[in-house]
Structure formats: structure tokens, C-alpha cells
Amino acid sequence: GQQLNQSPQSMFIQEGEDVSMNCTSSSIFNTWLWYKQDPGEGPVLLIALYKAGELTSNGRLTAQFGITRKDSFLNISASIPSDVGIYFCAGQDTDKLIFGTGTRLQVFP
Amino acid sequence: GAGVSQSPSNKVTEKGKDVELRCDPISGHTALYWYRQSLGQGLEFLIYFQGNSAPDKSGLPSDRFSAERTGGSVSTLTIQRTQQEDSAVYLCASSSQGAQGNTIYFGEGSWLTVV
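To keep things clear, this report deals only with the structure shown in the data block. (Residues numbered from 1 in each chain as written. Chains lettered and ligands numbered in written order. Predicted model: local features only at pLDDT ≥ 70, side-chain atom pairs only at ≥ 80, totals over all residues. Heavy atoms only, no water.)

Residue and element names in this part refer to chain B. In this structure the tally under the stated criterion is six salt bridges over all chains. A salt bridge links Lys17 to Glu14; its shortest N-O distance comes to 3.6 Å. Given the relative accessible area of 43%, Lys17 is considered partly exposed. When the shortest N-O distance is used, the salt bridge between Arg22 and Asp24 registers 2.9 Å. (Salt bridge = Lys/Arg side-chain N within 4 Å of Asp/Glu carboxyl O. Buried < 20%, exposed > 50% of the residue type's maximum accessible area, 1.4 Å probe, protein only.)

In C-alpha cells:
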């Protein structure tokens with residue numbers, strides 16, 4: 001199935017550090033989304049982006065919709081232990097979401 | 001219900017058997033999605049239902065996979081003659097509009113293991 005390229009695959013960081021991850025596509029999307037998935041649960045929406053160039057924040061999270069509409073990044077500042085999980089980007093293609101391959105984040109105290 | 005409900009939460013089946021996975025979307029949501037997530041992987045789109053329109057089946061990996069949605073509400077994903085590579089978490093999601101990502105809500109998934 002179709003998936004977006006997301007990097008890095010995994011990150012091991014210390015509490016308090018900043019984190020950056022990104023997502024690229026060969027296709028243009030009109031909407032980019034970032035989700036977090038905790039073990040045993042479904043993904044939960046973190047941030048939604050609707051315009052090329054848009055920069056949006058949600059607390060310690062900041063995400064940007066790339067100018068080309070083919071990429072997006074997510075930054076997490078001052079990481080805390082509860083940030084642990086898998087982060088997925090998603091591009092909206094007509095009415096369905098195409099997900100990235102995921103970034104697994106581990107935060108050490 | 002309050003959220004998207006899926007059953008069973010866990011299913012272990014023998015290779016070659018058929019399985020049915022059920023999804024109860026949020027009441028009133030017209031759009032329903034099925035995704036598959038293999039261990040440590042991202043979410044792979046399977047099928048999408050929107051109202052009375054013909055479903056988008058473009059993500060179904062083979063003709064062993066099928067899904068239906070009765071009465072515009074509950075959906076069943078059926079996998080016939082299961083294979084070991086079918087082992088994965090099957091996630092259902094629903095949306096009130098089907099066109100805006102911020103209204104898509106996921107269930108907790110059905111974990112399928114084929115032995």
C-alpha cells in the first residue's frame with residue numbers, strides 16, 4: 001500500500017531535548033496531519049495543516065506545511081517522558097489519509 | 001457510542017480460516033475507513049466508505065479481503081483463507097465529513113494473529 005517517507009525511523013533522546021522529524025511525498029497534498037500513537041491504541045491527531053507554508057503550534061509541538069505541498073515537518077521542544085510513542089505524518093488524498101512510515105520516539109530521563 | 005468501537009480486540013486464527021472484524025463508527029459519522037498496521041510499520045490504507053457512494057477499495061491487498069457497511073453504520077472487514085502475512089492490527093476510523101482530517105477518529109484496533 002501507499003505510504004509516505006518519514007524520517008528518522010527512530011530517535012532516542014534525553015528529557016529536555018528538542019526533536020525534529022519530517023515527511024516527504026512524491027505527490028502533492030492539500031492537507032498534512034501529524035498523529036501520535038501510544039501502545040495498544042489508535043492514532044490521535046496532534047496538528048492539522050491546511051495551507052502551503054503554514055506554520056502551526058500546539059503547545060510544545062510545531063509543524064509546517066511545505067511550500068511545495070510535498071513535505072511537512074514536526075518539532076517537539078523540551079521533550080518529556082510522556083512524549084514517548086510513534087509519530088505519524090499523513091497527507092490527505094481526496095477523502096482518504098495516506099500515512100507515513102512512522103517515527104518511534106524514546107525519551108530517557 | 002462515545003468513540004469508534006472495534007471487535008474483537010484480539011483474534012488468533014489458524015492459517016486458512018476466514019475471519020471477520022467489526023467496526024462500530026461514531027454515531028452520525030458518514031465516512032468509515034479501514035487501515036492495516038503491521039508490527040512496527042505505518043498505517044496502510046485498505047478501504048473507505050462514504051455515505052451511499054461506492055466504496056474506494058483501492059487499498060485492498062488481494063481478493064481475499066472484502067468489506068461491507070450495512071445501513072451506513074457498522075462495517076465488517078472479512079479476510080478469507082488467512083495467511084501468516086495477514087497478521088497485523090486492523091484499525092477502523094470514522095469521520096463526520098470524510099474530507100477533513102481533523103474529524104477522523106480511530107478505534108483501538110483489532111489485533112489479528114494467524115498461526
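This part takes up the side chain of Gln50 of chain B. With respect to the helices and strands, Gln50 of chain B occurs in strand E5 (residues 43-50). Here the side chain of Gln50 of chain B touches Tyr48 of chain B through a polar contact of 3.3 Å, side chain to side chain. (Helix = DSSP H or I, 4+ residues; strand = E, 2+ residues; numbered from the N terminus. Polar contact = N/O pair within 3.5 Å; in protein donor to acceptor, adjacent residues only side chain to side chain.)

All names here are of chain A. Two strands pair when backbone bridges link them, and strand E4 (residues 32-37) and strand E5 (residues 44-49) are joined in this way by five bridges, in the antiparallel orientation. Bridge pairing in E5 links Lys36 to Val44. In textbook terms, the turn of a hairpin is the stretch between consecutive antiparallel strands, and for E4 and E5 this stretch comprises six residues, one of which, Gly40, has a positive phi near 75°. (Pairing = 2+ DSSP bridges.)

In terms of nonpolar packing, the biggest core is built from 22 residues, with Trp32, Trp34, Leu74 and Leu105 of chain A touching the most fellow members. Looking at this core, the elements that each hand over two or more residues are strand E2 (10-14), strand E3 (19-24), E4, E5, strand E7 (61-65), strand E8 (71-76), strand E9 (85-93) and strand E11 (103-108) of chain A. The contact partners of Leu74 of chain A, leaving out residues within four places of it in the chain, are Val19, Ser20, Met21, Trp34, Leu46, Ile47, Leu61, Thr62, Ala63 and Tyr87 of chain A. By size, the runner-up hydrophobic cluster in this structure holds 20 residues, among which are Val19, Cys23, Leu32 and Leu60 of chain B. (Core = buried A, V, L, I, M, F, W, Y, C linked by side-chain atoms within 4.5 Å. Contact = heavy atoms within 4.5 Å.)

Attention now goes to unusual backbone geometry. The omega angle of the peptide bond from Ser7 of chain A to Pro8 of chain A is -5°, so this bond is cis rather than trans. Secondary-structure assignment places Pro8 of chain A in the loop between strand E1 (5-7) and E2. Geometrically, the link from Ser7 of chain B to Pro8 of chain B is a cis peptide bond, its omega value of -10° lying close to zero. Of note, Pro8 of chain B is situated in the loop between strand E1 (5-7) and strand E2 (10-13). For Arg69 of chain A, which is not glycine, the phi dihedral falls at a positive 70°. For Arg69 of chain A, a relative accessible area of 32% puts it in the partly exposed group. The phi dihedral of Ala78 of chain A falls on the positive side, at around 45°, and the residue is not glycine. The topology assignment puts Ala78 of chain A in the loop between E8 and E9.

Let us look at the side chain of Thr76 of chain B. Relative to the assigned elements, Thr76 of chain B resides in strand E7 (residues 75-79). Those residues within four positions of Thr76 of chain B in sequence are excluded, and the remaining contacts are Glu20, Leu21, Trp34, Ser66, Ala67 and Glu68 of chain B.

Turning our eyes to something else, we now look at the packing of aromatic side chains. Counting across every chain of the model gives 11 aromatic pairs over all chains. Considering the side-chain rings of Phe12 of chain A and Phe108 of chain A, the 6.3 Å spacing of their centres and the 15° angle between planes classify their relative orientation as stacked. Of the two residues, Phe12 of chain A is situated in strand E2 and Phe108 of chain A in strand E11; the sequence distance between them amounts to 96 residues. Judged by its relative accessible area of 57%, Phe12 of chain A is exposed. For Phe108 of chain A, a relative accessible area of 41% corresponds to the partly exposed category. On the basis of an interplanar angle of 25° and a centroid distance of 6.4 Å, the ring pair of Tyr33 of chain B and Tyr35 of chain B is categorised as stacked. Comparing Tyr33 of chain B with Tyr35 of chain B shows no difference in burial state: the two are buried. (Phe/Tyr/Trp six-rings, centres within 6.5 Å; stacked < 30°, edge-to-face > 60°.)

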